[in-house]
Amino acid sequence: MRTYVESSGLPADVYSAKCPTRQMLDHIAGKWTVLIVDALAEGTMRYTDLQHRIEGISQKMLTQTLRRLEADGFVTRTVHPTVPPRVEYTLTDLGHSLRVPIAALREWIESNINRIEAERRAKGIQHAEGSV
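Residues numbered from 1 in each chain as written. Predicted model: local features only at pLDDT ≥ 70, side-chain atom pairs only at ≥ 80, totals over all residues. Heavy atoms only, no water.

### Structural notes on the confidence of the model for the protein
For step 1, the next point in the chain: Summing up the model confidence of the protein, the mean pLDDT is 91 and the portion of residues at 70 or higher is 95%.
For step 2, the next point in the chain: Considering each helix and strand of the protein separately, the mean pLDDT is smallest for helix α1 (residues 20-28), with a value of 89, and largest for helix α4 (residues 59-71), with 97. (pLDDT = per-residue confidence, 0-100. Helix = DSSP H or I, 4+ residues; strand = E, 2+ residues; numbered from the N terminus.)

Okay, structure coming up:
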């Protein structure tokens with residue numbers, strides 16, 4: 001069954017530069033989105049817990065990505081009226097539906113990293129961040 005984009009009436013086609021599915025693919029496939037959704041698959045987390053769980057993410061990128069995930073309906077943000085305010089993030093039903101493909105991708109990467117690194121070494125290619 002073909003899906004049509006309600007805003008345009010055109011078929012959803014991620015290969016089309018004009019289709020909003022392309023923007024969504026870019027957003028969902030981003031490393032910070034993948035890591036945040038995968039971390040939240042463990043359950044509700046506070047902002048600071050996410051910061052500690054996802055090494056290397058800046059405060060700016062975490063905030064921007066969480067806002068986008070909330071705007072797209074993947075995450076719910078709950079502010080508890082305490083001093084200081086306690087903010088928690090939880091996956092929505094839509095966010096939970098994204099867990100399966102993201103977890104599969106993470107598991108595939110973790111299972112195949114040694115093969116990939118061996119190929120890089122054999123070809124004399126270094127990873128962009130300096131590790132081989």
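Picking up after the structure, the text goes on.
### Examining the layout of surface pockets
For step 1, the next point in the chain: A volume near 270 Å³ is recorded for the second largest pocket.
For step 2, the next point in the chain: Lining the second largest pocket are Arg46, Tyr47, Thr48, Gln59, Thr63, Leu66, Arg67, Glu70, Arg77, Pro85, Val87 and Tyr89.
For step 3, the next point in the chain: When contributions to the lining of the second largest pocket are tallied by element, the ones reaching two or more residues are α3 (47-53), α4 and β3 (86-91).
For step 4, the next point in the chain: With five residues, α4 is the single largest residue contributor to the lining of the second largest pocket.
For step 5, the next point in the chain: The residue makeup of the lining of the second largest pocket, split by class, is five nonpolar, three polar and four charged. (1 Å grid on protein atoms, 1.4 Å probe; cavity = no way out; pocket = protein on both sides within 12 Å on 5 of 7 lines; lining within 4 Å. Points joined across faces, edges and corners; volume = space filled by probe spheres on them. Nonpolar A, V, L, I, M, F, W, Y, C, P; charged D, E, K, R; others polar.)

### A few points about the packing of helix α2 (residues 31-40) against α4
For step 1, the next point in the chain: Between α2 and α4, the shortest axis-to-axis distance is 10 Å and the interhelical angle comes to 75°. Classified by the interaxial angle, the pair formed by α2 and α4 is roughly perpendicular. The residues of α4 that touch α2, namely those facing Trp32, Thr33, Ile36 and Val37, are Met61, Leu62, Thr65, Leu66 and Leu69. (Axes fitted to C-alpha atoms, helices over the stretch in contact; angles between N-to-C directions. Parallel < 35°, antiparallel > 145°, perpendicular 65-115°, else oblique. Contact = heavy atoms within 4.5 Å.)

### Quick word on α2
The periodicity of an α-helix, 3.6 residues per turn, causes residues three or four positions apart to be oriented the same way.
For step 1, the next point in the chain: Counting buried positions over the 10 residues of α2 gives eight, a clear majority of the element.
For step 2, the next point in the chain: Among the residues of α2, Trp32, Thr33, Val34, Ile36, Val37, Asp38, Ala39 and Leu40 are the ones counted as buried. (Buried < 20%, exposed > 50% of the residue type's maximum accessible area, 1.4 Å probe, protein only.)

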